[in-house]
Amino acid sequence: MNNVMIDTGNYIAAKAAVMTQPDVVAAYPITPQTTLVEGIAKYHETGEFKGEYICVESEHSAMAACIGASATGVRTFTGTSSHGLLLMHEMLHWAALARLPVIMCNINRVVGPGWNIWADENDSISQRDTGWIQFYCSSNQEIFDTIIQSFKLGEHEKVSLPVMINYNAFILSHTSMPVHIPTQKEINDFLPKRKPLWNLDINNPITFGNIILPPEYEKVRKEMQESQENAKKLIKEISKEWKNKFGRYHGDLLELYECEDAEYILLSMGAIGAESKVAINNLRKKGLKIGLARVRTFRPFPKEEILKISKNSDLIVIDRNISIGMEGALFSEIKASLYGKSDSKVYGFISGLGGKDVTFQDIEKMCEKVINGKANDLEWYGLEGV
Amino acid sequence: MAIKEIPTEEYYLPGSAACPGCPATMALRIVFKAIGKKMIMIVPACCTAVIESLHPNTSFNIPTMNIAFEAAAAGASGVEAALRKQGKDDITVVAWAGDGGTYDIGIQALSGALERNTNFIYICYNNQIYSNTGIQRSGATPKYAAWTTTTVGGKTEYRKEMGEIIQAHHIPYAAQACISYPEDLYKKIKKAKEIKGPKYIEIMAPCPPGWRFGMEKTVEMGTLSVETGAWALYEYENDEIKFNGISKLLLEEKINPKPIEDWIKFQGRFRHLFIPKKDVKKLKEIQDHTNLIWKRYRKCYL
Amino acid sequence: MKKYNVKTTISYPMKGATGKTGNWRVFRPILNKEKCVKCLRCWIFCPEATVIRKDDDSIDIDYDYCKGCGICANVCKIKAITMKREGIEK
């Protein structure tokens, strides 16, 4: 029934973005995002993408242009990575505070110096507090499905926030996998046209973003928080709707795998999440009661769901990022979610920084270290020469 | 044209947060009149973000979007593309920025938008200073003008010639105007509105608190900037420069410019060139530099 | 005017968005209608749009919002507008 496309994460993302029929795409090239924007440019040339494509002169301008376009009420999309995302930082806040649902792919890449283009999640983790919804994908199919779903989520009147779809450099961005592509009609039926909550309109001449006093600004922040809470509910509904329509389900806020009787649950994100499933299968074969909760959304953070799975299990967390001076960001958030409500132990590993491979064997070793009672609270896994 | 021909419609509403004697609101009134209500304005950080007044009210009856300091031209690019996609081609997109947001932090986005042939009007109201942040030097501040973080001697470098940087983009229309010549400004904005592609207009906007002169003298300071040759009125169209008004007469040497001293002596920012003792050497240096610029103008544009 | 139901910094146009800015005034522009030749220089140069141009090109001053900068008096070539200190004389 479905068309199968075998291609890299970036080309799959380009296909998904074009199928949402955005009105404006503004982007600037950065490795490893380049093939994504090249893909969109190709669709623009063939006429499959009918929107406007602005080749801006920087990522800062890419986000500013998306904000300008989105403020007129239309659908916008962009993609970036690493330093590009960091250059956008100011405008990420701007988009979220303006409640404009710009949708963006970020290909998780190491932050320099020195120059390094491999996978690492510190780029997007450091954008945690901008107000953006953040997804982390573990397969090309999930990239496709999440992009379409993100438009529905971000543009929903109860959310109206920008969404960042993250996936690991090269491991997904440049790796081909077969992906089921629904028909354009099926996507149109699933994804309604955007109805903006506000827009620049010559018949309703409002001013957006002038000086605002503290009590009113605080209310803006509170409503953003409430919208992220609304998103939690909607992510579940939208994933379920997608499952019913297309038969595919990657989880909602979390993807749970072999968790029912688990004494230990591993939590990870992105490509490590996919590799973790192999590790769980092998550990299960050894008779260990272990499951996986792959964290799909870092914002909104699934704190209630994590508290729930911690009831009968200790937690093992792998972070491909570090908040220098503290610990892995996912590790911190998970402990905060449990504080005062759970007696579960939480073990954190930092692994795969700078794009170092994290294989299923590595993941098995980390889990066994915990299960054998040999792990400290925070471990750097596989640090060479230490 | 006569002042009488300028429309009575006002899209700037009285009772804003602008300083008394503000050149920006003076210019905005003309811009609004020339373009009319079918416009969308993008404003980066600058005095105008304050002039709009406090949320939930605004003094502008034109849809306006504030954007980050360096992002006016990029934000406008997005608005323009989205309007084009929606078939709303009759709406004029205007980026309205100060000299800081144009000469300095915003030059990259501006250059990009011009190079991409964005159909919009970029207007820089140039008060030669970062006024909104409390009067610091910008790339547009003239040599020896004092600012709040300077030593008493004032700026040690000459200002950029932004107009010439703009010309290097070979856009269909650019112009320099001044708040003291409203008919000229009105005509230039009107003309820009009718041309497709990127347009750049820079308006000399003498700022009473920034330059330290009496608030009733805004228009006078503008006139003197043109009469002394500190500022030039011209149009750039299809790669040709045409000076206009007094600047044309100065270019053709039909009149002599007033000494630059006549302009700067009223401005507190140059006070250290007169008190305690007239600094003849520095005044001469400013005059010589102005003469040199005009010599080059004559060589290039006459 | 349509009001948008979302909490972000959206502001709606109004006269006196910063209040009755006429309170800022130290000097008050006084127009001598006899002298006025309707050249409209005061109208076009007023930074606050508080010089009101009427149908016959005669003018009025909106004292509720006039900030008293004195530009109108300064640009008037025939001195039909004079600035008087507020509170001393009408």
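Our subject in this report is the structure included herewith. Because the structure is predicted, anything quoted here is derived from the model rather than measured. (Residues numbered from 1 in each chain as written. Chains lettered and ligands numbered in written order. Predicted model: local features only at pLDDT ≥ 70, side-chain atom pairs only at ≥ 80, totals over all residues. Heavy atoms only, no water.)

1. Comments concerning the side chain of Glu327 of chain A
Residues and elements named next belong to chain A. Looking at where Glu327 falls in the secondary structure, it is placed in the loop between strand 14 (314-319) and helix 11 (329-338). For Glu327, a relative accessible area of 7% translates into the label buried. A polar contact of 2.7 Å, which involves the side chain of Glu327, links it to the side chain of Ser332. If sequence neighbours within four positions are ignored, Glu327 has contacts with Ile322, Ser332, Lys335, Ile350 and Leu378. (Helix = DSSP H or I, 4+ residues; strand = E, 2+ residues; numbered from the N terminus. Buried < 20%, exposed > 50% of the residue type's maximum accessible area, 1.4 Å probe, protein only. Polar contact = N/O pair within 3.5 Å; in protein donor to acceptor, adjacent residues only side chain to side chain. Contact = heavy atoms within 4.5 Å.)

2. As for the nonpolar core
If you look at the biggest cluster of nonpolar residues, it comprises 151 residues, and the most contacted ones within it are Met63 and Trp198 of chain A together with Met65 and Tyr122 of chain B. In contact with Tyr122 of chain B, not counting residues within four places along its chain, are Ala72, Ala73, Ala95, Ala97, Gly101, Thr102, Leu110, Lys199, Tyr200 and Ile201 of chain B. Counting residues in each nonpolar core, the second largest holds 58 residues, with Tyr11 and Val219 of chain B together with Leu31 and Cys66 of chain C among its members. (Core = buried A, V, L, I, M, F, W, Y, C linked by side-chain atoms within 4.5 Å.)

3. Thoughts on the interface of chain B and chain C
Taken residue by residue, the interface counts 38 residues in chain B and 36 residues in chain C. For the pairing of chain B and chain C, the buried interface totals around 2,900 Å² over both sides, and the portion due to carbon and sulfur atoms is 60%. The tally of links between chain B and chain C comes to one salt bridge. Where Lys4 of chain B meets Asp57 of chain C, a salt bridge forms, and the shortest distance between an N and an O atom there is 3.6 Å. The tally of links between chain B and chain C comes to 25 residue pairs in polar contact (both at pLDDT 80 or more). Breaking the side of chain B that touches chain C down by element, the ones donating at least two residues are helix 1 (23-35), strand 2 (57-58) and helix 9 (218-227) of chain B. The class makeup of the residues in the side of chain B that touches chain C is 18 nonpolar, 13 polar and seven charged. (Buried area = accessible area lost by both parts, 1.4 Å probe. Salt bridge = Lys/Arg side-chain N within 4 Å of Asp/Glu carboxyl O. Nonpolar A, V, L, I, M, F, W, Y, C, P; charged D, E, K, R; others polar.)

4. Here we look at the sheet that holds strand 8 (residues 234-237) of chain B
With respect to topology, 11 strands assemble into an open sheet ordered 2(B)-1(C)-9(A)-3(B)-1(B)-4(B)-5(B)-7(B)-6(B)-8(B)-9(B), the strand pairing being mixed. The sheet is open, and its two borders are formed by strand 2 and strand 9 (240-243) of chain B, each paired with just one other strand. As paired strands, strand 6 (residues 173-178) of chain B and strand 7 (residues 199-204) of chain B are joined by six bridges and run parallel to one another. Its bridge partner lying in strand 7 of chain B, Ala177 of chain B is registered against Ile203 of chain B. (Pairing = 2+ DSSP bridges.)

5. Quick look at the packing of helix 3 (residues 72-85) of chain B against helix 5 (residues 107-115) of chain B
Residues and elements named next belong to chain B. It is at 7 Å that the axes of helix 3 and helix 5 come closest, and there the two elements cross at 35 degrees. Side by side, helix 3 and helix 5 meet where Ala73, Ala74 and Ser77 of the first sit next to Ala109, Leu110 and Ala113 of the second. Its residues placed into classes, the contact of helix 3 with helix 5 shows five nonpolar, one polar and no charged. (Axes fitted to C-alpha atoms, helices over the stretch in contact; angles between N-to-C directions.)

6. Notes on the sheet that holds strand 16 (residues 378-380) of chain A
Residue and element names in this part refer to chain A. One open sheet holds the six strands; their spatial order is 10-12-11-14-15-16, and the pairing between them is mixed. With partners counted over all chains shown, the strands left at the sheet margins are strand 10 (254-257) and strand 16, one partner each. Taken pair by pair, the neighbouring strands of this sheet meet at an average axis angle of 20 degrees, ignoring direction. By the bridge criterion, four bridges tie strand 10 to strand 12 (residues 290-295) in an arrangement that is antiparallel.

7. Description of the interface of chain A and chain C
Counting residues at the interface gives 18 residues for chain A, matched by 11 residues for chain C. Interface area lost by chain A to chain C is led by Leu197, Asn204 and Ile206 of chain A, which between them contribute 32%. Our count for the chain A to chain C interface comes out at zero salt bridges. The set of elements that each furnish at least two residues to the side of chain A that touches chain C consists of strand 9 (207-208) and helix 8 (214-246) of chain A. Its residues placed into classes, the side of chain A that touches chain C shows nine nonpolar, five polar and four charged. Relative to strand 1 (residues 10-13) of chain C, strand 9 of chain A runs antiparallel, the two being bridged by two bridges. Bridge assignment links Thr207 of chain A to a residue of strand 1 of chain C, and that residue is Ser11 of chain C.

8. With respect to helix 11 of chain A
Residues and elements named next belong to chain A. By the criterion of burial, helix 11 is predominantly enclosed, with seven of the 10 residues buried. Regarding helix 11, the residues found buried are Ala329, Leu330, Phe331, Glu333, Ile334, Ser337 and Leu338. Trailing helix 11 by a residue or two, Gly340 shows a phi angle of about 75 degrees, which is positive.

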